[in-house]
Amino acid sequence: MGPSSVVLLPYAPSSVAVARQYLSSDLQEWGVYETVIDDAVLVVSELLSNALRHAHPLPSGQIKVAWQCTDGYVEVAVSDGGSATEPRAGRAALSSLGGRGLGIVEYLAENWGVRHEGDVTTVWAAVATVDTVSNGHATVPSPAVRECI
């Protein structure tokens, strides 16, 4: 298992920007490719926005955001106090203003899912740290990225 971070944030829309900044800084420090960082930051934004819109805060009144590099992936996770419905990707109408978040996560992540532990619901997604082929050429991670592989 590679490096990891956990942050407890206020249950407020402003926490999305804070989580994005912390995640981006950590992944840059860990040597992750910029395109992977962009994808992981967008995924955590969608997961956190969904939790704030549809779920309750943790008993502490906060929301937990975590990430780790492991086995060739950056796994991001958002834990909240759960909701009346199970998170699932849907198909939003073209005229809808929302409803595309988990579809975006599904597109960018290799895999995603939901874990339940008591009253805590965690939605997680795994973003690959390396494209094995880019424009027909294999890419090789830098030594710093190797700890995520």
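Residues numbered from 1 in each chain as written. Predicted model: local features only at pLDDT ≥ 70, side-chain atom pairs only at ≥ 80, totals over all residues. Heavy atoms only, no water.

K.L.:
Describe the overall build of the protein, naming the residues involved and giving the relevant values.
P.N.:
Secondary structure assignment for the protein yields 4 helices and 5 strands. Listed by position from the N terminus, the elements making up the protein come as β-α-α-β-β-α-β-β-α. Counting the 149 residues in the protein, one finds 43% classified as buried. Sequence separation of at least 24 residues holds for 65% of the intrachain contacts in the protein that already meet a minimum separation of 6. Total accessible area on the protein is roughly 8300 Å²; 51% of this is exposed by carbon and sulfur atoms. (Helix = DSSP H or I, 4+ residues; strand = E, 2+ residues; numbered from the N terminus. Buried < 20%, exposed > 50% of the residue type's maximum accessible area, 1.4 Å probe, protein only. Contact = heavy atoms within 4.5 Å. Areas by Shrake-Rupley, 256 points an atom, 1.4 Å probe, with all protein chains shown as cover.)

K.L.:
So what about the environment of Val6? Which residues, and what values?
P.N.:
Within the fold, Val6 resides in strand β1 (residues 4-10). Along the chain, Val6 and Ala66 lie 60 residues apart, while their C-alpha atoms are 4.2 Å from each other. The contacts of Val6, once residues within four sequence positions are left out, are Lys64, Val65 and Ala66.

K.L.:
Please set out the pairing of strand β2 (residues 62-70) residue by residue, giving values where relevant.
P.N.:
Counting buried residues in β2 gives 7 out of 9 residues, a clear majority hidden from the surface. As judged from the 7 bridges shared by β1 and β2, these two strands associate in the antiparallel manner. The partner of Leu8 across the bridge, within β2, is Lys64. In this sheet, strand β3 (residues 73-80) lies alongside β2 in antiparallel orientation, the contact comprising 7 bridges. (Pairing = 2+ DSSP bridges.)

K.L.:
Tell me about the sheet that holds strand β5 (residues 120-128), and name the residues and values.
P.N.:
Pairing is antiparallel across the open sheet formed by 5 strands, whose spatial order is β1-β2-β3-β5-β4. Of all the strands in the sheet, just β1 and β4 (111-117) have a single pairing partner and so form its edges. The mean angle between the axes of side-by-side strands here comes to 15°, regardless of whether they run parallel or antiparallel. Where helix α2 (residues 34-54) meets the sheet, it contacts β2, β3 and β5, and its direction lies at approximately 15° from that of β3. (Axes fitted to C-alpha atoms, helices over the stretch in contact; angles between N-to-C directions.)

K.L.:
Explain the environment of Asp38 residue by residue, including any values.
P.N.:
Positionally, Asp38 belongs in helix α2. Through-space distance from the C-alpha of Asp38 to that of Ser24 is 7.9 Å; in sequence the pair is 14 residues apart.

K.L.:
An account of the nonpolar core is requested, with residue identities and associated values reported.
P.N.:
Residues Leu27, Leu47, Val65 and Val76 are the most contacted members of the largest nonpolar core, which totals 33 residues. Per-element tally for this core: the top contributor is α2, with 10 residues. Beyond its immediate stretch of four places on either side in the chain, Leu47 contacts Val76, Val78, Leu102, Val105, Val123, Trp124 and Ala125. (Core = buried A, V, L, I, M, F, W, Y, C linked by side-chain atoms within 4.5 Å.)

K.L.:
Please give an account of helix α1 (residues 14-29) that cites residues and values.
P.N.:
End to end, α1 covers 23 Å across 16 residues, agreeing with the expected 22 Å (1.5 Å per residue, within 8%). In this structure, the buried residues of α1 make contact with β1, α2, β2 and β3. Gly31 occupies a position one or two residues after α1 and carries a positive phi of about 80°. (Expected span 1.5 Å × (residues − 1).)

K.L.:
Could you give an account of the confidence of the model for the protein, with specific residues and numbers?
P.N.:
Here the protein averages 82 in pLDDT, and 74% of its residues register 70 or above. When mean pLDDT is compared element by element in the protein, α1 scores highest at 96, while helix α4 (residues 143-146) scores lowest at 46. Overall, residues 92-99 carries pLDDT values under 50, and its contacts beyond four positions in sequence, including any with other chains, amount to 6 contacts. Contacts of residues 132-146 to residues separated by more than four positions or lying in other chains number 23 contacts, the stretch itself having pLDDT below 50. (pLDDT = per-residue confidence, 0-100.)

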